[in-house]
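# Residue-level structure breakdown
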Amino acid sequence: MPSAVLFSKISRHFGAVRAIDDLDLEIAPGEFFAMLGPSGSGKTTCLRLIAGFEQPTSGHLEIFGETMEGVPPYRRNVNTVFQDYALFPHMNIAENVAYGLMIRGVGKAERLRAAGEALEMVQLPGYGARRPGQLSGGQRQRVALARALVNKPKVLLLDEPLGALDLKLREQMQEELKVLQRTLDITFVFVTHDQGEALSMADRVAVFSDGKIMQVGTPQDIYQKPRSRFVADFVGSSNVLPPDFVETLTGLSLWASLRPEAITITDQGGYEAQAISQSYLGGSTRLGLSLNGLRLNAVVPAGKPVPESGETVRIDWDRNALHLMEAS
């Protein structure tokens, strides 16, 4: 079976700005794939290229083996869910969900039946007669999802669809999206700047920066084995250790990543450090430390004593937790 999405040497330039620069990427059928990165990193441009809202400046794009250069959005077997939902306020929910089928010439009875099935799929049965203004933000997000799914796309594109939701609802929708994707076996391509969303939902993650992919891998690989300082710092706020310090530990002059949860406070051995800050996070406390002028963050689990600022403590970590990164 061909790739769900294939980028081959794709570039997209806006004047002198290289939004995407010579990018290669392959997304497998049925995969939940996340594009993660800060604003302006190129992830949304990639999504727009798949959708057909943008055309590549150079390179080759395929969706399930079909060449997409010059193919307009309405001729691609993809649908997009946007952050702002883009629902029509003058239509009821059933009409909103069935809109794409209406454009395709599907009869009214058939498209309303399909809309009802899609609403059941997103746990909104019986909501068809309501207007968008009568729904909560989370319910409108589900309607937008149903409207995309009713067309039975091969690839579903999600452009930060949970960004407008509060934390509790966002976490709930993360779980529901994962279950829905596995049930439908549709390729999901999810764009986000939230590393927690990407790590918790995706089968694989691509980390973007300045129009390039810095690393592609499973959430575990991205988090535990970052290849570069950028990935280590952006995904999970790792302690990025400089080569001179790493050389004293390993004999190798390389940058290294040490996750905060790997650092423990000990009674003996290890290294002497000074506590300089505490941030209470509920289930844990983030502890800021100074180790001979090197700033580190550690995680103290709930129930464990937290050193006061200015207090001298001893810290240590498993040497296997120190991940050496590429020289570049």
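Residues numbered from 1 in each chain as written. Predicted model: local features only at pLDDT ≥ 70, side-chain atom pairs only at ≥ 80, totals over all residues. Heavy atoms only, no water.

Naming follows an unreviewed UniProt entry, where the protein appears as Polyamine ABC transporter ATP-binding protein of Thalassospira profundimaris.

### What to know about the domain arrangement of the protein
Here is the rule: Segmentation into domains, and thus their bounds, comes from an automatic or database assignment. By definition, residues are in contact when any of their heavy atoms lie within 4.5 Å. Buried area: the accessible area, evaluated with a 1.4 Å probe, that two parts lose upon being put together, summed over both parts. Under this definition, polar contacts are N or O atom pairs within 3.5 Å; protein pairs additionally need one hydrogen-donor-capable and one acceptor-capable atom, and for neighbouring residues in sequence, both atoms have to be side-chain atoms. Any residue that is not Ala, Val, Leu, Ile, Met, Phe, Trp, Tyr, Cys, Pro, Asp, Glu, Lys or Arg is counted as polar, Gly included; the first ten are nonpolar and the last four charged.
For the protein, the assigned domains read domain 1 (5–231) and domain 2 (237–324). Distance from the C-alpha centre of domain 1 to the C-alpha centre of domain 2: 38 Å. Each partner contributes residues to the interface: domain 1 has six residues there, and domain 2 has six residues. The contact between domain 1 and domain 2 buries some 620 Å² in all, and 50% of this surface belongs to carbon and sulfur atoms. Summed over the three residues of domain 1 that lose the most area to domain 2, namely Tyr223, Pro226 and Arg229, the buried surface amounts to 78% of that side. For the pair domain 1 and domain 2, the number of links is three residue pairs in polar contact (both at pLDDT 80 or more). A per-class count over the side of domain 1 that touches domain 2 returns three nonpolar, one polar and two charged.

### Regarding the sheet that holds strand β4 (residues 58–63)
This is how the line gets drawn: The rule for pairing is simple: two strands pair if DSSP sees at least two bridges between them. Helix and strand definitions follow DSSP, with helices as H or I runs of at least four residues and strands as E runs of at least two, each counted in order from the N terminus. Lines fitted to the C-alpha atoms define the axes, with helices restricted to the stretch that makes contact. Angles between their N-to-C directions range from 0 to 180 degrees.
The strand order across the open sheet formed by four strands is β2-β1-β4-β5, and the pairing between neighbours is antiparallel. Sheet topology places β2 (17–27) and β5 (66–67) at the edges, where each strand pairs with a single neighbour. Sheet topology note: the strand β1 (residues 5–14)/β4 ladder contains five bridges and is antiparallel. Among the inter-strand pairings, Phe7 is bridged to a residue of β4, identified as Leu61. This element, helix α1 (residues 43–51), spans β1, β2 and β4 of the sheet and lies at about 115° to β1.

### Considerations on the sheet that holds strand β7 (residues 155–159)
Across the sheet, which stays open at both edges, the six strands sit in the order β6-β7-β8-β3-β9-β10 with mixed pairing between neighbours. The open sheet has two free edges, formed respectively by β6 (78–81) and β10 (212–217), since each of these has just one partner strand. Direction aside, neighbouring strands of the sheet carry axes that sit 20° apart on average. Sheet analysis places strand β9 (residues 204–209) next to β10, joined by five bridges and oriented antiparallel. Within the sheet, the bridge partner assigned to Ala206 lies in β10 and is Val216. Contacting β6 and β7, helix α4 (residues 137–149) crosses the sheet at an angle of about 175° to β6.

### Notes on the packing of aromatic side chains
Put simply, the rule is: Only the six-membered ring of Trp is used, alongside the rings of Phe and Tyr, when aromatic pairs are assigned; centres must lie within 6.5 Å, and planes under 30 degrees apart are stacked while those over 60 apart are edge-to-face, with the rest tilted. Any residue under 20% of the maximum accessible area for its type is buried, any over 50% is exposed, and the rest in between are partly exposed; the area is computed with a 1.4 Å probe on protein chains only. In our convention, an over-ring charge means Lys NZ or Arg CZ found within 6 Å of a ring centre and within 35 degrees of that ring's normal.
Applying the stated criterion across every chain, the model contains six aromatic pairs. With a centroid separation of 5.4 Å and 55° between ring planes, the pair formed by Phe32 and Phe188 is classed as tilted. Note that Phe32 is positioned in strand β3 (residues 32–36) and Phe188 in strand β8 (residues 187–192), a separation of 156 residues in sequence. With a relative accessible area of 0%, Phe188 lands in the buried category. Put simply, the rings of Phe32, Phe188 and Phe190 touch in pairs and so form one group of aromatic residues. The ring of Phe14 has Arg12 lying over it, and the distance from NZ or CZ to the ring centre is 4.2 Å. Note that Arg259 overlies the ring of Tyr223, its terminal NZ or CZ placed 4.0 Å from the centroid.

### Quick notes on the pairing of strand β16 (residues 294–301)
Taking every second residue as pointing to the same face, the buried face of β16 carries Leu294, Leu296, Ala298 and Val300, while none of Arg295, Asn297, Val299 and Pro301 on the other face is buried. Where strand β15 (residues 284–291) and β16 come together, eight bridges link them in antiparallel fashion. Across the sheet, the residue bridging to Arg286 is Val299, located in β16. What sits between β15 and β16 in their antiparallel hairpin is a turn of two residues, with Asn292 showing a positive phi close to 50°.

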